Structure formats: C-alpha cells, structure tokens
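So you can see what is in the structure, the chains are spelled out below.
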Amino acid sequence: MSVDLHTVKRVARLARIAVSEEDAERMTGELNAILGFVEQLNEVDVSGVEPMTSVIPMEMKKRQDVVTDGSKAADIVANAPATEENFFLVPKVVE
Amino acid sequence: MSDLTHLTISHARAKLRAKEITATEITEAYLSAIERANPALNAYVVVTDDKARDMAKASDVKLAKGEGGSLEGIPLGIKDLFGTEGVHTQACSHVLDGFKPHYESTVTTNLWADGAVMLGKLNMDEFAMGSSNETSYYGPVVNPWRRSRLDTVVMPTTHQGDGGFVSAGGARTARTLDNAQLVPGGSSGGSASAVSAFLCAGATATDTGGSIRQPAAFTGTVGIKPTYGRCSRWGIVAFASSLDQAGPIARDVRDAAILLKSMASVDPKDTTSVDRPVPDYEAAIGKSIKGMKVGIPREYRVDGMPEEIEALWHKGIAWLRDAGAEIVDISLPHTKYALPAYYIVAPAEASSNLARYDGIRYGLRVPGKDIVDMYEKTRAAGFGREVKRRIMIGTYVLSAGYYDAYYLQAQKVRNLIKRDFENAFAAGVDVILTPATPSAAFGIADEDMAADPVKMYLNDIFTVTVNMAGLPGIAVPAGLDARGLPLGLQLIGRPFDEETLFQTAHVIEQAAGTFQPEKWW
C-alpha cells in the first residue's frame, strides 16, 4: 500500500500537525519508503496466531479504589502556558 | 591523586567508603570535566551544579559517619527522558519547552535514595526517536571516539655510541586521529558519550528498539536493557509503552550491575512493573560459565555486514568456548520481520502517547485562530521531522480501515518473534550471542542516512528483536575495528535472567579488555 498527497494531508489533519504543501510532498515520499519496508510483513503466515497483548504474561495489577493523591491543583497547572485561578486557559471553543 | 573521573563506580565506591576521597571532590572533578568538554561533545543539555554540590555535601555527611547507600556520593548523568523534580525535563523536544515536573521518576528516586549525585540532564534524540542523536532539539552529540588512520613511518637507522646499539631502520606504524565528527548512536547518545568521555561515572538511559545497546556499542561502553517490567516506567516520558525500558550505560560490566540493582524495583505506580525481588546482580560477576549453553542465531548473519563484525562475533564465540561454554547453532526464523513490525507498533504507540502535547497543559503553545489551529501550529512548531514522521506513520496505521492490515498483523508477528526465542530457551539455550550493531559509529550528517529513513532504522536490526520479545539484552565492548572504532557484542537472556547476562558479559570483558577514546576535546 502507498499513500498519495491527499492521504498525507488527511493523516496530518488527524494527527493535528499543520503541514505546508512542501512538507506534505516530502512526507509522501518518506512515508511510502517506510510503508514499502513494512510491506514484507504480509508474507508471514499468521494463521492461528493471536496478536500480542503483553510481552510478560502477568495479571494486570489493580490498586485499591481509594484516594491516594490530590489537592495539588497548583502543581498540575504550574507548567501550563496559560492559566487563571488553577484553570487551563484555551481559545474560545463555543460561540 | 590521579584523575577522579577515571575511577569506575566500584573503585570510587571503595575509596569513598574508605574516606580516601570525598563525594564533593569527585563531584567537583566531574563538574570541571563537563565544563571543559561539553562545548565540544554537547552531551549535557543542562548541568545541575548547585544540586550536585548539595547532594555531594549530604553524601559526605553520611559517608563520614560510615553510613550511606550503595551509590553514596557517585555522580551520575540522567537522560532528559526521566522526569526530575524542578529540573529541565524535555525529552530534548521543543514541544516541552520550559517543562519542569513537580514529580520525580521512580528510577531516579531509587538512585537518589541510594545516595547517587545528579550532575545534569543528558542529550538524546527527540522523544528517544533516532539512532544517531541527531534529532535532538539541542543539536547532535559528538562521539568522543574518532576514526584513526594507521600511517607507516619510516625510521632512519641510527647508531648509538661506539659499539653501541644499532636500531634497525625500517617501518613503524603510528595512529593519526581523523577530525571527522562521529555520532555516538542514539537515542541515548548523550548518556553514551558522557560515560565514554568521563563526564559522569555512569548514566541512566532508555531502550525502545536499541537506544541503550547501540550507543553503548558505538562508544565502547556497557549498556543493558533489562526485561520489560524490571524498571518502573513511571515518570519517564513515554515513547512506545509496550517496548520502553530504562537501564544503565556504564564503563564496565560491574558498574552496569551496580546501577541496575539500584534502578530496578517493584513499583505500584506502574502496572507493568513485575512483582519480583531485585537480585544482587553484582554477585553474578566472576561466576564460571562452564557448561552454559550459548546459542548462535544463524539469521543474524545479514547481507552487507562488514567482515570485521563477523570476525568479532567469531572471537566472542571462541572466548565463551574457551571459558567452558557449549556453543550451539540456533534458528530464530522471524528475525527479519522484527524491524518492520517495530516500525508499525512503535509509531502507533507513539502517535497515541504524543497526542498529549497539545499546547494546553505544558510546554510550547503557538496561538491560532481557533483551538484546532492552535493544536496544529503548536505541534508543527514543537515536533521535529523524525517525530512528525513517526506520528504520521502511527496515525495512518491506526486509522480506520488499516488497523487490521498493519497493527494487528504486526502484533501477531511479534508473538511469532517471541515464540522463536521461547523455543530456543526451551531447547536448553541459556544465553544468545549476536553482534550489537551492523556497523561501527558513522559520521554526523551522513548523507545516505539522511536521504533514506529506513537506512537509519537498520541500525537497530540486531537489537530490536529483544524489545519486541520483552527480553533482557546487554551490549559489551569486544574490540576495535581497523579504523580504531569500538565494536560491541550483544547477549540476550531469558526473561528476568539479567544475572546470566552480567556473568557472561564479564567473561567477554575479561577477554576483550576495556576501551577508552584518545582525548582530543
């Protein structure tokens, strides 16, 4: 499978990365090189093989359903580019 | 006193405990070495001098009382991927501009609890995506190793005194260092370069497809990626969660064992951290490997591999045989599919993990006309080329209609890769010996690699299988090539059998010796 310029622009949109016309053209070539490389996986017979879910067979650990943390709103917003009274500020999303 | 920066961790530990040296002295020695070397090598992105001095002072108080942990007063460098409280943590990406976490990763918490001293944060490929440390926002790291040329020098015949000695003229060889700058490998290039150039006693690193072992091989250092689940991933910036593991880069096998013992733990904060006590890895060093079964996988003989690497592999086989190991040929038939499967699984997980960089909660924000425009502009400006490429691949293979063909197929192949190893171990193989990399270190801005991303990816051809199967792997220096550059061998073990890796790697180290670059910086 290979991608065209239109698909690359659509994927960039899905990934929320702005791309110029020139970027998209360059990426088309690069992505096709990578997709060409991974194509060889199709020759592997995987009938009856389960997809891997975990490299080490183990039960998923569950912790007790209790509060162990909290009351650190100021720490959480400390690295945000724009905040007000411990809220994250974002551009207006609802008219 | 000889240069304190040249002490291994085990030697420094003994001298600190015997009060022959202080933590402050060794820390100051490293800080001045960094100050002199970093402009040339670019291994550190931040030096935390004040913190280092404070930590060293605290260690000295403990050491004076005969107290202290297993790493008391040992100065370490920390890869920029580890969250360090109040200290620059950016995974060497522009998108995490100015980020200083309000928490400490579990691995570094363990190291500080054992008394280690933090010298600073080490350069790396952006988000650990790269094999040359050239994708860092902070610029490439330079390998302290340089190629050298063997020149033939004609010696004149000289007579000394009456009836004195006659030195027979003729040819002698001398090595001349070439000026070309080489990469230290990646993604833990800063860690490898700093350890090799004596800018820290040891360093933390991480390995998703070879990011500890390939740079270790390129710099003549020892690097171990432990079994998946051995070191907690909590507080480490995520790249591909099912593959990422932390481990140390050190100057010798014993130092790597000492560091891993401290870094590894059982952590309730990471659900993939495995409930097994951490053994004393150092105790495995020096044990005989007599009767051990060493597997040699025929699929690791790849086309175009330099003869020197093949020869090095044979040397490794001979060393282990001489030490009493039984050598057996094995087959890992799905080896060639590990790299292509990796380039589906890792980008898929990365595209999902890196969705969090949206310009809202931390790091860079580039304003836009609405929120989507802001996301797109922030991510366009914040991520470098290689990171964008991998996010794009990941987004594509996970997108509607392609998931089964790519991601599901890759995860099935991954099970087959793991099964290959399980079959070998079930047949009685204790450890597998392979080359660590298909070449020695290459030049910065290598044109072939820049023109074709897949060429760069091929660096991980021998290491990536280990991540896909979750196994432990160690790279140990085994010799120099004709141009004087270090080459490494890799040992792969059973899950959680890091002890056998240290035991066997030490046998190789005893036979091969250790390697230091000639200082030019």
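Residues numbered from 1 in each chain as written. Chains lettered and ligands numbered in written order. Predicted model: local features only at pLDDT ≥ 70, side-chain atom pairs only at ≥ 80, totals over all residues.

### Observations regarding the overall build of chain A
Here's step 1: Across its full length, chain A holds three helices and two strands.
Here's step 2: For a compact globule of 95 residues, the expected C-alpha radius of gyration is about 12 Å, and chain A comes in at 23 Å, more than 25% above that figure.
Here's step 3: With the principal axes as the frame, chain A shows a C-alpha extent of 55 × 45 × 25 Å.
Here's step 4: Across the 95 residues that make up chain A, the buried fraction comes to 15%. (Helix = DSSP H or I, 4+ residues; strand = E, 2+ residues; numbered from the N terminus. Rg over C-alpha atoms; globule rule 2.2 N^0.38 Å. Buried ≥ 20, exposed ≤ 12 C-beta atoms within 10 Å, placed from the backbone.)

### Quick look at the interface of chain A and chain B
Here's step 1: Across the contact, 39 residues belong to chain A and 53 residues belong to chain B.
Here's step 2: Tallying contributions element by element places helix α2 (residues 21-38) of chain A first for the side of chain A that touches chain B, with seven residues.
Here's step 3: Residues of the side of chain A that touches chain B, tallied by class, amount to 31 nonpolar, two polar and six charged. (Contact = placed C-beta atoms within 7 Å. Nonpolar A, V, L, I, M, F, W, Y, C, P; charged D, E, K, R; others polar.)

### Describing the sheet that holds strand β3 (residues 117-122) of chain B
Residue and element names in this part refer to chain B.
Here's step 1: Here 11 strands make up an open sheet; going across it, the order is β1-β3-β2-β8-β10-β9-β14-β15-β13-β11-β12 and the pairing mixed. For this open sheet the edge positions go to β1 (44-47) and β12 (326-330), each flanked by a neighbour on one side alone. Looking at each pair of strands side by side, their axes are set apart by 30 degrees on average, direction ignored. (Pairing = 2+ DSSP bridges. Axes fitted to C-alpha atoms, helices over the stretch in contact; angles between N-to-C directions.)

### Quick notes on the nonpolar core
Residue and element names in this part refer to chain B.
Here's step 1: With 173 residues, the main nonpolar core has Leu76, Val117, Leu199 and Ile344 as its most contacted residues.
Here's step 2: At 10 residues, the largest contribution of residues to this core is made by helix α9 (residues 338-353).
Here's step 3: Residue contacts for Leu76: discarding those within four places in its chain leaves Leu111, Ala116, Val117, Met118, Leu119, Cys200, Ala201, Gly202, Ala203 and Thr204. (Core = buried A, V, L, I, M, F, W, Y, C linked by C-beta atoms within 7 Å.)

### Concerning the UniProt feature "active site" (unreviewed entry) in chain B
Residue and element names in this part refer to chain B.
Here's step 1: With numbering aligned to this structure, UniProt lists the feature "active site" (unreviewed entry) at Lys79, Ser187 and Ser211. On the basis of their most widely separated C-alpha atoms, the annotated residues across 133 residues gather in one place, lying no more than 11.4 Å apart.
Here's step 2: Residue position: Ser187 is located in the loop between β7 (170-177) and α5 (189-196).
Here's step 3: Those residues in contact with Ser187 that lie beyond four places of it in its chain are Met124, Asp125, Ala128, Met129, Gly130, Asn133 and Ser211.
Here's step 4: Examined against the element boundaries, Ser211 turns out to sit in the loop between β8 (202-207) and α6 (213-219).
Here's step 5: Judged by the 37 C-beta atoms lying within 10 Å of it, Ser211 is buried.
Here's step 6: Setting aside its immediate chain neighbours within four residues, Ser211 contacts Ala128, Gly186, Ser187, Ser188, Ala205 and Thr206. (UniProt positions renumbered as here; feature names shortened; annotations may be inferred.)

### Focus: the packing of α2(A) against α9(B)
Here's step 1: Contact geometry for α2(A) and α9(B): axes closest at 8 Å, N-to-C directions at 130 degrees. When the interaxial angle is binned, α2(A) and α9(B) end up oblique. Packed against α2(A), whose contacting residues are A:Ile34, A:Phe37 and A:Val38, the element α9(B) presents B:Pro340, B:Tyr343 and B:Ile344 at the interface.
Here's step 2: Grouping the constituent residues of the contact of α2(A) with α9(B) by class yields six nonpolar, no polar and no charged. (Parallel < 35°, antiparallel > 145°, perpendicular 65-115°, else oblique.)

### What to know about unusual backbone geometry
Residue and element names in this part refer to chain B.
Here's step 1: Residue Gly186 is joined to Ser187 through a cis peptide bond whose omega torsion reads 10 degrees.
Here's step 2: Even without being a glycine, Asn42 presents a positive backbone phi close to 60 degrees.
Here's step 3: Position of Asn42 among the secondary structure elements: in the loop between α2 (23-41) and β1.
Here's step 4: Note on Asn42: 20 C-beta atoms within 10 Å, which makes it buried.
Here's step 5: One non-glycine residue, Cys92, lies in positive phi territory at about 50 degrees.
Here's step 6: Secondary-structure assignment places Cys92 in the loop between β2 (75-79) and α4 (106-113).

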